[in-house]
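A structural walkthrough
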Amino acid sequence: MSILILAIPLFMFLLLGLTGMKMSHKLAGTLGCLGMGTTLVLAYTVAFTYFFSGGADFINAAGERLQSILWNVTWLQFTDKLVIRLGFLLDPISAMMLVVITTISFMVHLYSMGYMRDHHGVFERGFQRFYAFLSLFSFSMLGLVVATNIFQMYIFWELVGASSFLLIGFYYTKPSAVLASKKAFIVTRFADLGFLIGILVLSYYTGTFNFTELTSAPVDGLANVFQVSETTAAGVKSIFANSAAPLFMGASVMTWALVLIFMGGMGKSAMMPLHIWLPDAMEGPTPVSALIHAATMVVAGVYLVARLFPLYLMEIRSLEIVTVVGAVTALYAAIVACTQVDIKRVLAFSTISQIAFMMVSLGVARPEFHHGIGYMAGMFHLFTHAMFKALLFLCAGALIHAIGSNDYTDMHGLRKYMPITHITFLIGCLAIAGIIPFAGFFSKDEILTACFGNSALWYVWMSAVAGLTAFYMFRLYYLIFWWKEHKVHEGHHAPHDQPWTMTLPLVILAAISCVAGFVPFGNLVTWNGHPMFDHVSFFTNLEHLDWTVAAVSLAVAIIAIVIATVMYRKENPLPAKFRNAMPALWTWAYHRFYFDELYMFITKNIIFDKICKPIAWFDRHIIDGTMDMFAKVTQRLSVSIRGLQSGSVQTYVWVYLVGALVMASIVWLCLL
Amino acid sequence: MDYSQFLVMYQEIGLLVLILLVFLFDTFSSKEAPRGLSMFTVVLFGLLTLAGFVTPCCKEVASAFGGMYVTSPTMVAIKNVLNIGVFIVLIQAKGWAHSEFMRVRRGEFYELLLITLFGMYLMISARHFLLFIIGLETASLPLAALVAFDKNRYESHEAAVKYMLTAVFSSAIFMMGLSFVYALAGTLYFSDIAASVIDGGAMLIVAVAFVIAGMGFKLSLVPFHLWTADVYQGAPTSITSYLSVISKGAAAFAFFVIMVQVFGPFYNQIWEWMLYALIILTITVGNLFALRQKNLKRFLAFSSISQAGYIMLGVIAGSAQGLGSLIYYILVYIFSNLAAFGVIQSIESKTGRVDMDSYNNLYSTNPKLAFTMMLAMFSLAGIPPFAGFFSKFFIFSTAVASGSVALYILVLIALINTIISLYYYLLVVKAMFINNQEDCVIAPFKSSVSDRLGMWICVAGIILAGIVSCIYNGIVNTSVHNPEYIFTIFAN
């Protein structure tokens with residue numbers, strides 16, 4: 001059954017991609033939705049079986065969840081060790097990701113049926129292509145999370161990159177979309193270079209690609225206790241000890257490998273300084289932004305770190321790098337988000353900031369503090385964030401669809417016109433701001449607890465970012481739905497809620513955002529598979545709250561919301577005053593601290609002009625010249641031996657005989 | 001005599017029965033409704049091909065007739081591979097066999113073709129030179145008749161005469177080599193020769209050279225290749241495609257067995273260097289000639305010469321992996337080359353054009369044919385992820401597996417030649433997709449069902465044979481796990 005989870009989306013991609021143009025738009029869309037719906041059911045079944053069936057492959061007698069390989073096919077075998085396999089690994093995080101990906105993907109499939117039309121209900125050009133790419137993406141993402149080895153992960157990692165490229169550039173007649181897709185592809189590819197080198201270094205020294213061997217000590221057969229604290233760590237360390245991993249530039253090879261692998265994660269998860277592609281990626285259709293650039297693909301970096309977490313834990317220095325990168329990114333993105341006008345860009349920066357939260361959470365996770373709560377919190381936040389951020393993006397899509405513009409300056413005061421969108425958006429904002437009892441509260445609170453356990457610095461820092469989060473989200477909320485009365489232009493319809501295909505996903509995701517916080521995650525996903533609580537009920541998460549941390553974070557969030565309310569609820573000059581008070585900071589934040597300009601400078605003025613141009617000259621004149629010469633020589637030779645093929649059969653036989661005799665005599669002479 | 005040993009050669013017997021059935025059908029069916037024959041043959045042969053896969057074949061080496069005939073999973077594998085190729089050829093030839101000209105000759109075409117296949121089976125399984133010669137001649141002589149099949153065309157009989165004369169000459173040389181071998185060893189059993197010849201001096205060298213020359217004719221290795229281009233160009237296209245893949249594939253396998261099993265002890269001393277020189281010559285000369293060809297059939301003739309050079313890398317590797325890679329290479333080569341020939345044949349039968357200039361801008365009129373041709377060219381050139389890349393990759397890697405520096409250099413030369421070959425293969429692609437003309441001289445047309453079926457099989461093979469790794473692994477496993485009949489050169 002598990003193979004169908006991958007096979008159905010792949011089949012849908014092939015079907016829609018090859019024959020899509022011959023079928024009607026509606027049929028293509030329906031087929032896409034049906035395919036994804038089936039995948040959803042299958043993925044849920046697999047995930048629920050994993051978590052709740054209590055099968056011996058999934059959970060051991062001590063209640064620890066195990067890594068279980070459902071199937072593993074040898075694809076290419078070069079040597080005994082260098083084997084590339086494709087398989088299906090089921091463990092808490094991959095099971096959780098199956099649920100997240102299929103849920104969001106199905107919502108997006110459904111939503112796009114309404115979204116990918118114009119105002120007269122006519123389907124957009126390339127609608128079938130859109131669904132084909134969505135299926136390709138779902139396939140790749142599912143393949144990524146269930147990868148049994150790091151090489152398989154890398155293959156699917158590149159596939160999600162490619163499908164993201166295709167979807168960002170979906171409107172390929174629009175130059176900005178083409179530029180954005182190229183940018184996303186090049187930046188993430190650049191990061192993947194590090195990832196690949198990291199994989200090679202890691203597998204060279206460990207002699208394996210397999211996650212189960214990398215991150216755990218095997219216990220009879222396929223079943224593994226995938227993280228048994230010290231003993232496992234000792235086991236994996238001994239692998240490195242055996243191959244005598246040398247030091248390189250002051251750090252162990254393993255640290256280098258992990259940092260390089262993390263570089264790949266930074267690219268995909270848009271961590272600073274490789275974040276520049278994500279805001280531009282908003283050029284893609286909004287459902288794509290919701291699926292790929294908010295909920296699933298961008299958290300692949302987090303997933304990667306979580307997957308290799310036991311290795312990172314062995315090299316604390318690499319985890320510290322993860323923490324610092326995450327914390328800096330979180331603050332940076334939150335500040336930028338406070339100044340953007342385009343609502344999708346605000347959400348994009350918010351995504352960057354929230355993913356950074358997850359990274360920090362993994363970075364500060366230590367087994368000795370609360371059973372490694374940071375790991376669980378990061379995964380929990382990944383789960384809740386996927387739900388409410390997808391919700392916010394889909395709401396943004398509904399708004400953009402109704403208004404025809406991405407800027408809040410064209411919206412204002414929409415609450416009366418689009419009530420469903422308004423309420424669901426508000427729920428999303430409350431969830432991301434971390435207001436009890438919405439989903440974000442619980443996960444963010446646990447992240448802050450983990451930070452608290454690590455160091456005061458990160459706790460204060462991340463709390464401040466959480467406050468900023470509440471502020472910019474409510475700024476956005478008020479500017480879209482309040483601020484002033486909406487002006488309906490002459491000859492235009494008043495904006496209104498969208499058809500059911502678009503509102504239903506909003507309602508479902510809003511409902512999930514309300515209750516997802518109560519999922520007893522500590523019993524499902526932990527760093528060593530060991531459950532955190534002895535018994536669970538609906539209120540487990542509430543009972544185990546660290547109330548001091550929770551109270552502080554709630555207070556911070558509420559203060560931030562109050563400030564946002566004062567500043568943006570009604571049209572007033574306060575925002576302008578603030579802006580004028582700190583013009584430099586505002587301008588820098590508005591221009592995203594000039595990162596794009598910096599990159600432009602480096603690539604264009606330094607790399608292209610100073611380095612590439614001389615190389616290009618060398619290439620054109622010296623290398624091409626040499627090659628042309630070779631080609632000419634080859635042509636000459638070809639012309640000069642044409643006499644051999646005379647067409648006369650006597651010559652043929654003559655050459656034949658002479659050839660055989662010459663061959664014999666040369667060997668004979670050599671042997672003399 | 002134990003008649004049960006006939007059962008060992010169940011594939012040969014199946015083929016013989018098939019030939020008889022075709023003959024009977026041809027004799028007794030009405031000439032007025034003649035279309036049934038090709039369908040009958042194709043279906044029967046398809047069944048035979050399938051049977052080759054599903055029969056619970058011998059899991060180990062089995063021999064019959066005092067060891068003259070041997071079969072093993074590897075040999076079943078190569079025969080199956082050839083069967084797939086012949087099946088595709090038969091499908092693709094259907095259109096030609098249905099032409100008015102072929103109306104009364106259809107039967108001969110199928111019978112002769114299948115008899116040559118029978119000869120190839122014997123070549124593959126023979127472990128005694130007497131049986132081998134019978135197989136070789138059975139595989140050669142009917143081909144001359146087939147080449148001359150299009151008897152209203154002057155080129156066709158010219159080609160047949162050239163083929164005939166060269167074939168006779170090469171057989172003579174081959175048998176002269178064999179007589180030297182017999183003089184040295186006093187036996188014609190493969191294994192006995194290897195055991196009894198200690199050091200033959202000049203006589204052995206000449207014998208080896210003559211045997212290589214005789215097989216080099218069938219494989220069209222340079223300098224024994226000169227007949228190839230003329231014959232490929234003159235023969236009916238179906239026959240050309242048969243010659244270029246099936247005949248070559250069977251000969252390559254037989255060549256491996258002879259060289260390794262009979263002359264294995266003299267690998268380092270004698271024939272490694274002979275073959276070394278032949279491979280370099282074959283690949284390079286084939287490439288250099290292919291560069292400037294305008295006629296596509298002639299072009300593919302030279303391309304197949306250089307491909308034969310690559311196949312020989314499996315022989316010079318001399319190991320079980322080498323044999324596995326060789327069979328795999330033949331399989332992939334069958335798909336790629338038959339895809340190309342399928343397109344050529346389909347266009348030739350509709351428009352009569354085989355020159356490359358007519359293919360300019362083919363994409364605009366016949367996109368699917370252009371696409372198939374592109375895949376075939378990519379696979380022949382060895383561009384990943386198509387099967388041709390994998391077959392080249394594996395055969396190169398087995399060639400260097402022994403670690404000898406000379407073989408590394410050989411593979412390097414082969415690699416350089418791959419780059420040259422890329423140029424001419426892409427010329428075809430360029431003509432079809434990039435060369436702009438007002439409009440293509442080949443009008444849009446719909447290929448017949450059988451042509452399309454043949455091309456679909458080839459395209460599926462080109463795409464899948466590489467990435468579905470179990471195909472390669474399966475083939476190599478059969479040859480690695482049954483090495484009894486291979487004299488392992490690198491045993492020590």
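Calculation criteria
Residues numbered from 1 in each chain as written. Chains lettered and ligands numbered in written order. Predicted model: local features only at pLDDT ≥ 70, side-chain atom pairs only at ≥ 80, totals over all residues. Helix = DSSP H or I, 4+ residues; strand = E, 2+ residues; numbered from the N terminus. Rg over C-alpha atoms; globule rule 2.2 N^0.38 Å. Buried ≥ 20, exposed ≤ 12 C-beta atoms within 10 Å, placed from the backbone. Contact = placed C-beta atoms within 7 Å. pLDDT = per-residue confidence, 0-100. Nonpolar A, V, L, I, M, F, W, Y, C, P; charged D, E, K, R; others polar. Axes fitted to C-alpha atoms, helices over the stretch in contact; angles between N-to-C directions. Parallel < 35°, antiparallel > 145°, perpendicular 65-115°, else oblique. Left-handed = near helix turned anticlockwise from the far one by under 90°. Pairing = 2+ DSSP bridges. Expected span 1.5 Å × (residues − 1). Core = buried A, V, L, I, M, F, W, Y, C linked by C-beta atoms within 7 Å.

Counting its regular elements, chain A contains 27 helices and four strands. Against the 2.2 N^0.38 benchmark of 26 Å for 672 residues, chain A shows a C-alpha radius of gyration of 28 Å, consistent with a compact globule. Looking at the 672 residues of chain A, the share that counts as buried comes to 52%. Sequence separation of at least 24 residues holds for 78% of the intrachain contacts in chain A that already meet a minimum separation of 6.

Bringing the overall build of chain B into the picture now. Scanning chain B from terminus to terminus reveals 19 helices and two strands. Relative to the globule expectation of 23 Å for 492 residues, the C-alpha radius of gyration of chain B, 22 Å, shows essentially globular dimensions. Looking at the 492 residues of chain B, the share that counts as buried comes to 59%. Contacts in chain B between residues far apart in sequence, at least 24 positions, make up 79% of those at least 6 positions apart.

This part takes up the confidence of the model for chain B. A residue-level look at chain B finds 95% of positions with pLDDT of 70 or above and a mean pLDDT of 88. Both scores are available for the predicted complex, with the pTM at 0.76 and the ipTM at 0.89.

The next subject is the interface of chain B and chain A. Listed per partner, the contact involves 31 residues of chain B and 22 residues of chain A. For the side of chain B that touches chain A, the elements supplying multiple residues, two or more each, are helix 6 (154-185), helix 8 (201-219), helix 9 (227-234), helix 11 (267-290) and helix 19 (469-481) of chain B. Ranked by the residues each element gives to the side of chain B that touches chain A, the list is headed by helix 11 of chain B, at eight residues. Residue composition of the side of chain B that touches chain A, by class: 23 nonpolar, five polar and three charged.

All names here are of chain A. For the pair helix 14 (residues 316-337) and helix 19 (residues 456-481), the least separation of the axes is 9 Å and the interaxial angle reads 25°. For the element pair helix 14 / helix 19, the angle class is roughly parallel. Two packed elements cross with a definite hand, and for helix 14 against helix 19 that hand is left-handed. Seen from helix 14, the contacting residues are Thr323, Ala327, Ala330, Leu331, Ala334, Ile335 and Ala337; seen from helix 19, they are Trp458, Trp461, Met462, Val465, Leu468, Thr469 and Tyr472.

When pLDDT is averaged along chain A, the result is 84; 94% of the residues meet or exceed 70. Low confidence marks residues 241-245 of chain A, where pLDDT is under 50. Its contacts with residues over four positions away, or in another chain, come to six contacts.

Below, the discussion takes up the pairing of strand 2 (residues 83-90) of chain A. Residue and element names in this part refer to chain A. Across eight bridges, the pairing between strand 1 (residues 68-77) and strand 2 is antiparallel. Residue glutamine 77 lies in a different strand from strand 2, and its bridge partner there is valine 83. Taking the residues that link successive antiparallel strands as the turn, the strand 1-strand 2 hairpin has five residues.

On to unusual backbone geometry, then. Proline 437 of chain A follows isoleucine 436 of chain A through a cis peptide bond whose omega is 5°. Mapped onto the secondary structure, proline 437 of chain A falls in the loop between helix 17 (419-433) and helix 18 (439-454). Along the chain, valine 222 of chain B connects to proline 223 of chain B via a cis peptide bond; the corresponding omega equals 5°. Structurally, proline 223 of chain B is set in the loop between helix 8 and helix 9. Here asparagine 361 of chain B, not a glycine, exhibits a phi torsion of approximately 60°, which is positive. Of note, asparagine 361 of chain B is situated in the loop between helix 13 (320-351) and helix 14 (362-365). Judged by C-beta crowding, with 20 C-beta atoms within 10 Å, asparagine 361 of chain B ranks as buried.

Residues and elements named next belong to chain A. Between its terminal C-alpha atoms helix 17 stretches 21 Å, which fits the 21 Å expected from 15 residues at 1.5 Å a residue. The element helix 17 is extensively covered by neighbouring structure, given that eleven of its 15 residues are classed as buried. Among the residues of helix 17, Thr421, His422, Thr424, Phe425, Ile427, Gly428, Cys429, Leu430, Ala431, Ile432 and Ala433 are the ones counted as buried. Phi turns positive, to about 85°, at glycine 434, one or two residues after helix 17.

Attention now moves to the packing of helix 3 (residues 92-115) of chain A against helix 20 (residues 500-515) of chain A. All names here are of chain A. At a closest axis distance of 7 Å, the pairing of helix 3 and helix 20 adopts a crossing angle of 150°. Between helix 3, through Met107, Leu110, Tyr111, Met113, Gly114 and Tyr115, and helix 20, the contact on the second element is made entirely by Thr501, Met502, Leu504, Pro505, Ile508 and Leu509. Each residue belonging to the contact of helix 3 with helix 20 can be placed in one class, and the counts come to ten nonpolar, two polar and no charged.

Here we come to the nonpolar core. Residues and elements named next belong to chain A. Val305, Met359, Val360, Ala390, Leu399 and Met462 are the most contacted members of the largest nonpolar core, which totals 218 residues. Of the residues forming this core, the biggest block, 23 residues, is contributed by helix 16 (residues 373-403). Those residues within four positions of valine 305 in sequence are excluded, and the remaining contacts are Phe262, Gly265, Tyr312, Val322, Met359 and Leu362.

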